[in-house]
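Chain residues, written in single-letter form:
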Amino acid sequence: LAAAEPIIAEAEAALNSLDKGSLGELKSFGSPAAEIVQVVAACMTLTAPGGKIPKDLSWNAGKKYMGNVDAFLKSLLNFDKDNIPVNCVDAVEKEYISSPNFTTDYIKSKSSAAAGLCGWVVNICKYFHIYQVVAPKRASLAEANRKLETANKKLSGIRARVKELQDKVAALEESFMKATEDKNAAIAQAEKTSRKAQLADRLVNGLSGENKRWSETISKMEVAGSKLIGNVLLAAAFVSYAGPFNMTLRNHLVEACWMPDIIQRGIPYSEGVKPLDLLTDDTARAKWANEGLPTDPLSIENGAIMTNASRWPLMIDPRLQV
């Protein structure tokens, strides 16, 4: 197409050199030179409708062909140069352009109007041969563009589908990540619950071993509770009245006076109980020993009386500890 553009420009320039006056002058020739007749005949051949070349290519036929010079010039300017019949071009090149005198410079010596028509014919034939090469390429280009457009449409559809799939994959990955987080949280919670269950089992197992001891303790406490009146009565009497007496008299009071009276009155008490068993325990005795209290029974009884009395008690202190 780039090579054809200058040729078309030359053909148009050749036509632009024509005007109504010069064409009128050409048409007024009675018996023009043979070269002028050939130029008009070449125009008639090249523009033959449907490729049907007129049999009569004489000068008289040429003048009728030119007819109205304005319309004739316009028809040449608007000539469909892309669809020229091949036989018309072949005939023009064989019968006219092949002649050595069929040139613009030579014809110009005969008639400037004929020279313009000659230049138009020559350049149109040149354009024809270039277009024969360009037309298939143009068709191929159009087909390639059509295929490219179709491929682009398919590609757009594929890209849209890929985008849709990518969005779905992203959503699935997000769901997977959330499910994984939930799973890990559930596993962590399960492990925490399992550890608590293990600790609970250990606690229950440990407490089951204590159950027997607690049951025995409760039973003892129930028994002790039922005999609490006699025991408290004995302890209170010992704290209140036994202080001024020695060990012998204290034992006499407990065993010969208070215990028989409790039994006689039917007051419940713990058999074999001793006042010290009610007033103190091993821990307190050990503490007193660490603080310097002698470990003989009288001293321990004195310590029990001192710690349990609500008033200042009167007692015998054989070791002068008070």
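For the structure itself, look to the data block above.
Residues numbered from 1 in each chain as written. Predicted model: local features only at pLDDT ≥ 70, side-chain atom pairs only at ≥ 80, totals over all residues. Heavy atoms only, no water.

### Section: the overall build of the protein
Thought 1: From N to C terminus, the protein includes 13 helices and zero strands.
Thought 2: Listing every helix and strand of the protein by position from the N terminus yields α-α-α-α-α-α-α-α-α-α-α-α-α.
Thought 3: For the protein, whose C-alpha radius of gyration is 71 Å, the value lies well above the compact-globule estimate of 20 Å for 322 residues.
Thought 4: For the protein, with 322 residues in total, the buried portion stands at 29%.
Thought 5: Taking the intrachain contacts of the protein between residues at least 6 apart in sequence as the baseline, contacts between residues at least 24 apart amount to 71%.
Thought 6: Side chains of the protein give 39 positive and 37 negative charges; the mean places of these two sets differ by 6 Å. (Helix = DSSP H or I, 4+ residues; strand = E, 2+ residues; numbered from the N terminus. Rg over C-alpha atoms; globule rule 2.2 N^0.38 Å. Buried < 20%, exposed > 50% of the residue type's maximum accessible area, 1.4 Å probe, protein only. Contact = heavy atoms within 4.5 Å. Lys, Arg positive; Asp, Glu negative; His and termini not counted. Charge placed at Lys NZ, Arg CZ, Asp CG, Glu CD.)

### Some points on the pattern of salt bridges
Thought 1: Overall, the coordinates contain 10 salt bridges when judged by the stated rule.
Thought 2: Here glutamate 301 and arginine 250 are joined by a salt bridge, their closest N and O atoms 3.1 Å apart. A residue pair is termed long-range when its members are at least 10 positions apart, and glutamate 301 in helix α13 (residues 297–308) and arginine 250 in helix α10 (residues 247–265) qualify at 51 residues.
Thought 3: By relative accessible area, which is 0% here, arginine 250 ends up buried. (Salt bridge = Lys/Arg side-chain N within 4 Å of Asp/Glu carboxyl O.)

### Details of the packing of helix α9 (residues 228–241) against α10
Thought 1: Their axes nearest at 11 Å, the elements α9 and α10 cross at an angle of 145 degrees. Judged by the sense of rotation from one axis to the other, the crossing of α9 with α10 is right-handed. Together, Gly230, Leu233, Leu234, Ala237, Phe238 and Tyr241 of α9 and Arg250, Leu253, Val254, Trp258, Met259 and Ile262 of α10 make up the contact between the two elements.
Thought 2: Looking at the contact of α9 with α10 residue by residue, the class counts come to 10 nonpolar, one polar and one charged. (Axes fitted to C-alpha atoms, helices over the stretch in contact; angles between N-to-C directions. Left-handed = near helix turned anticlockwise from the far one by under 90°. Nonpolar A, V, L, I, M, F, W, Y, C, P; charged D, E, K, R; others polar.)

### Focus on the packing of aromatic side chains
Thought 1: A complete count under the given rule lists three aromatic pairs for this structure.
Thought 2: Here tyrosine 96 and phenylalanine 102 contribute two aromatic rings whose centre-to-centre distance is 6.4 Å and whose plane-to-plane angle is 40 degrees, an arrangement assigned as tilted. Comparing tyrosine 96 with phenylalanine 102, the two get one shared label, buried. (Phe/Tyr/Trp six-rings, centres within 6.5 Å; stacked < 30°, edge-to-face > 60°.)

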